[in-house]
Amino acid sequence: MVAPLSSRVSEDTEVMEENIELAGAQMKRKESPEEGSRDSGEGYRFSDWSPLRWFRMLSEEMHWSFVFGVIAVYGISQGMGGSISRVATDYYWKDVQMVQPSAAQVYQGITSIPWIVKPLWGLLTDVLPMAGKLHVIFALLAMTTGSAGVAIADVTVDACVAQNSINHPSLASDMQSLCGLSSSIGRLLGFSISGLLVHAIGSQGVLGLLSIPSVLVLSVGIMLKEMHIPNFAYGEVFQKLQQAIRTTRTTLQCPSVWRPCVYMYMSLALSLNIEEGMFYWYTDKKSGPSFSQETIGFIFSIGSVGSLLGVLLYQNILKDYPFRGLLFWSQLISGIAGMLDLVMVLRLNLKFGLPDYFFAVIDESVSRMVGQFKWMPLLVLSSKLCPPGIEGTFFALLMSIDNVGLLTSSWAGGLLLHLLKVTRTEFSNLWAAILIRNIMRIVPLVLLFLVPKSDQNSTLLPADMLDADDNTQVLEEDIDDIEDVELVSLVSKT
C-alpha cells in the first residue's frame, strides 16, 4: 500500500533535517579542535590516528554499509581480484596466446574500455534507484565483459563517495584514503597468491576463479544503506536523463572544472605505459632475470606494500597540502623513480652487487608508492568537482577522462615498443623506451597552472552550482516537490 503524500513528505523531511543536523555537527567539529581527536576539521591528528578509530568514525558519519561497500568493491573486487587478474592475464597473453608485448599492451587497453564509458553507468545511479583456448577475439570479449561488470560496481560506490564528499567536505580525503587503503590491502593479498595460483592451475583457471568476488559485490547491492524513494516516477526517466546531460554540459563549461580535467588527462596520457615490455623482460630466460611465476607474484605483492604505505602517508601527512604543490612533487618524483627500471634493464644493479630480485622489489615498491602520491589528490580533486544531483554521472565522467588518459598511455606505450622493435625475445631497445617514458612523465609539469592552488579541504565549485540543489534550500523552498528528495545523501546516518 502506498503511504499518503503528507506522510511521505513528513518522513522525507525528517531525513533531510537529519542530514542538515549532521552537516551542522560536522561544522562544529571543525571549529572545536579539542573535541575527540579532531584537529580543526583537518582529520585525525597523526599522533592520535588509529585504523580502528578511523573506520569507526567513517562508519558513524556515513553508515557502516558505505564502508562495507568500499571495502568489498575496492578491496576485494578491484584490489584482490584485479591483482590476481593482472598476473593471470599477463601470463595468458604471453604463454597461451603467444602475442608480442606491444600487442599485449594494446589488448590490455581494449579490456579497459568499459571504464571509459562509466558515465553510462553513472546515469543509471543518478536517475534510477539502484575451458579450452579461445580465439584472441573471444578472449578479448570475455575479459572486456568481466571488466564491464567491475566498472558498474565501481561507479556505484564512486557515486556514494562523491555525494558524501559534498555532504561531508572535510572527510573527502578520508573517504578517498579508505578507497585507496582497501584497494592496496586487496592488491597485497591478491598478488601474494597470484603467482602460486597461476603455477598451480594455469592462467585460464585463475581467470575462471575471478567470478567469485562478484558474489561479494552482489551483497553490497543488498546491504548498502540507501534512502527509499516512494512512488518513483519511472515515466519521467527520459526527462531526468536529459536534465542530467544538460547539467553535465553546463558544469564542464565552467573554467574551474574543465581546466583540471585537461590536466588530469594529459598527466596520465603522457606517462607512457610499457609494463608489458617490462613483464616480458622480467620473465625472459636470456636477456632478463627469468623470474618465476611465484617470484613475479611476490614482487608485485611487495609493491602493494609500497602502495599501502603511500596511502597511509597521504592520509596522515599529505592530505592537507595544496593540490598544485603536491602534484608538482609527485609528478617530478615519478619521472625520477622511473630511472630505477633503466638501472635494472642496463644491469647496473649487478655492478653494485644488488641482485635482480632485491632491486625489482625496491623498484616496484617505490613506483607504487609514488603512484599513490599522484593518484590520491587526483581522486580528491575529482570528488570536489561534482555538482549536487548528478554526482554519479559526473564523477564517472571524470573517471572516464582519467581512463581515456590511461588507455592513451597504454596504446602509446604499445606503439613505442613496436617502433623500437621490442618483441618477445628482443629487448636491446627496451632501455630507450624506459628513458622516453621517464622524460614524458615530467612534461605535464608545464600544465600545472590548470590545477587550483587551493588546499584539498576547500570547495572548488562556484557557489551557484552548489546552492542550486542544496538540501537546505530544498527543505525551505520546495519541500512539496517530492522528486527533489532524491538529492538527499544516498547514505544517511541511522
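What counts and how
- Residues numbered from 1 in each chain as written.
- Predicted model: local features only at pLDDT ≥ 70, side-chain atom pairs only at ≥ 80, totals over all residues.
- Heavy atoms only, no water.
- UniProt positions renumbered as here; feature names shortened; annotations may be inferred.
- Phe/Tyr/Trp six-rings, centres within 6.5 Å; stacked < 30°, edge-to-face > 60°.
- Buried < 20%, exposed > 50% of the residue type's maximum accessible area, 1.4 Å probe, protein only.
- Lys NZ or Arg CZ within 6 Å of the ring centre and 35° of its normal.
- Helix = DSSP H or I, 4+ residues; strand = E, 2+ residues; numbered from the N terminus.
- Contact = heavy atoms within 4.5 Å.
- Core = buried A, V, L, I, M, F, W, Y, C linked by side-chain atoms within 4.5 Å.
- Axes fitted to C-alpha atoms, helices over the stretch in contact; angles between N-to-C directions.
- Parallel < 35°, antiparallel > 145°, perpendicular 65-115°, else oblique.
- Nonpolar A, V, L, I, M, F, W, Y, C, P; charged D, E, K, R; others polar.

Named according to an unreviewed UniProt entry, the protein is Folate-biopterin transporter 2 originating from Musa balbisiana. Under Sequence similarities (unreviewed entry), UniProt gives the following word-for-word description of the protein: "Belongs to the major facilitator superfamily. Folate-biopterin transporter (TC 2.A.71) family." What the UniProt record of the protein gives under Subcellular location (unreviewed entry) is the line "Membrane".

Draft legend 1. Representation of the packing of aromatic side chains. For the coordinates displayed, the defined rule picks out eight aromatic pairs. Between Y92 and W93, the ring centres sit 5.4 Å apart and the planes meet at 65°, which makes this aromatic pair edge-to-face. Neither Y92 nor W93 differs from the other in exposure class; each is buried. Over the aromatic face of F300 sits the side chain of R86, whose NZ or CZ is 4.1 Å from the ring centroid.

Draft legend 2. The arrangement of the side chain of S382 in detail. The residue S382 is located in helix α16 (residues 356–384) in this model. Leave out the neighbours within four places in its chain, and S382 touches M264, F395, L398, M399 and D402.

Draft legend 3. Main features of the nonpolar core. Ranked by size, the top nonpolar core spans 42 residues in total, and within it W93, W281, Y282 and L430 carry the most contacts. Ranked by residues supplied to this core, first place goes to helix α3 (residues 64–96) with seven residues. In this view, W93 contacts M98, V99, A104, Y107, Q108, V136, A139, L140, M143, Y280 and R424; residues no more than four positions away in its chain are not counted. The next biggest cluster of nonpolar side chains, apart from the first, holds 35 residues, and it includes C254, V257, F323 and F394.

Draft legend 4. Main features of the packing of α3 against helix α11 (residues 275–282). Running from N to C, α3 and α11 point in directions that differ by 75°, and their axes come no closer than 11 Å. Regarding the angle of α3 to α11, the classification is roughly perpendicular. For the pair α3 and α11, contact is made by R86, D90, Y91, W93 and K94 and by E275, E276, F279 and Y280, respectively. Looking at the contact of α3 with α11, its residues break down into four nonpolar, no polar and five charged.

Draft legend 5. Molecular detail of the environment of F373. With respect to the secondary-structure elements, F373 resides in helix α16. Sequence spacing of F373 and W329 is 44 residues, and the spatial spacing of their C-alpha atoms is 8.8 Å.

Draft legend 6. Broad picture of the UniProt feature "transmembrane region" (unreviewed entry) in the protein. UniProt annotation of "transmembrane region" (unreviewed entry) refers to residues 63–84, 134–157, 206–224, 262–283, 295–314, 326–346, 394–417 and 429–451 when read in the numbering used here. With 95% helix and 0% strand, residues 63–84 has its two end C-alpha atoms placed 30 Å apart. With 73% helix and 0% strand, residues 262–283 has end C-alpha atoms that lie 37 Å from one another.

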